[in-house]
Amino acid sequence: QMQLVESGGGLVQPGGSLRLSCAASTSIFSTYHMGWYRQAPGEQRELVASITAGGTANYADTVLGRFTISRDNAKNTADLQMNRLKPEDTAVYYCNAKFALSPYSVYWGQGTQVTVSS
């Protein structure tokens, strides 16, 4: 059973930056597609950004050009660099891992709070 641990959340002013990191406890990290989701109060969880096992990144329209997802297979981490943050980016951010060879192996982190406010 793989564990995902997020870090890097916090309070930031509008226009500021944060970097979230997700550490995975697996020896086969390179075989997982990684994603970052977020959930605001009263809203459904939504996909923010994803990166495939092969390194292809995709973004939600709302964060395109502001957020960058990356992965380091040697360190078993997936990061989300968030720039030009807006109040509407406020949410709990969750790391997600999906095994590339099976749709049934999906893991979630515990979430980290990001608050954008002046």
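Here the structure is shown first, and the text comes after it.
Residues numbered from 1 in each chain as written. Predicted model: local features only at pLDDT ≥ 70, side-chain atom pairs only at ≥ 80, totals over all residues. Heavy atoms only, no water.

Draft legend 1. Just the nonpolar core, in detail. Ranked by size, the top nonpolar core spans 29 residues in total, and within it Leu4, Met34, Trp36, Phe67, Leu80, Met82 and Tyr93 carry the most contacts. Going through the elements one at a time, β3 (18-24), β4 (32-39), β5 (46-51), β7 (67-72), β8 (77-82), β9 (91-99) and β11 (112-116) are the ones with two or more residues in this core. Broken down by element, the residue count for this core peaks at five residues, all from β9. Beyond its immediate stretch of four places on either side in the chain, Leu80 contacts Leu18, Arg19, Leu20, Trp36, Val48, Ala49, Phe67, Thr68, Ile69 and Tyr93. (Core = buried A, V, L, I, M, F, W, Y, C linked by side-chain atoms within 4.5 Å. Buried < 20%, exposed > 50% of the residue type's maximum accessible area, 1.4 Å probe, protein only. Helix = DSSP H or I, 4+ residues; strand = E, 2+ residues; numbered from the N terminus. Contact = heavy atoms within 4.5 Å.)

Draft legend 2. How the structure looks around the state of the cysteines. By the definition in use, this model includes one disulfide. Covalent S-S linkage joins Cys22 and Cys95, the inter-sulfur distance amounting to 2.0 Å. Across the disulfide from Cys22 to Cys95, rotation about the S-S bond amounts to roughly -80 degrees, and the bridge is consequently left-handed. Placement of the pair is Cys22 in strand β3 and Cys95 in strand β9, with a sequence separation of 73 residues. (Disulfide = S-S within 2.5 Å.)

Draft legend 3. Structural detail: the pairing of β7. Judged by which residues are buried, β7 turns out to be one-sided: Phe67, Ile69 and Arg71 face inward and are buried, whereas Thr68, Ser70 and Asp72, on the alternate face, are not. Here six bridges tie β7 to β8, and the two strands are oriented antiparallel to one another. Paired with Thr68 across the strands is Gln81, a residue of β8. The hairpin formed by β7 and β8 contains four residues between the paired strands, and Asn76 there has a positive phi angle of roughly 60 degrees. (Pairing = 2+ DSSP bridges.)

Draft legend 4. Here's a closer look at the pattern of salt bridges. Tallied over the full model, the rule gives four salt bridges. Note that Arg19 is salt-bridged to Asp79, the shortest N-O span being 3.2 Å. With Arg19 in strand β3 and Asp79 in strand β8, the pair connects residues that are 60 residues apart, well separated along the chain. Accessibility expressed as a relative area gives 43% for Arg19, which makes it partly exposed. The partner of Asp89 in a salt bridge is Arg66, and the shortest N-O contact between them spans 2.8 Å. Here Arg66 lies in the loop between β6 (57-59) and β7 and Asp89 lies in the loop between β8 and β9, a separation of 23 residues in the sequence. (Salt bridge = Lys/Arg side-chain N within 4 Å of Asp/Glu carboxyl O.)

Draft legend 5. Quick peek at the sheet that holds β3. On the basis of which strands lie adjacent, the open sheet formed by four strands has the order β1-β3-β8-β7 and antiparallel pairing. Looking at the sheet topology across the chains shown, the edges are occupied by β1 (4-7) and β7. Averaged over all pairs of adjacent strands, the angle between their axes in this sheet comes to 15 degrees, without regard to strand direction. One ladder, built from four bridges, connects β1 with β3; its direction is antiparallel. Bridging from a neighbouring strand, Ser7 pairs with Ser21 of β3. (Axes fitted to C-alpha atoms, helices over the stretch in contact; angles between N-to-C directions.)

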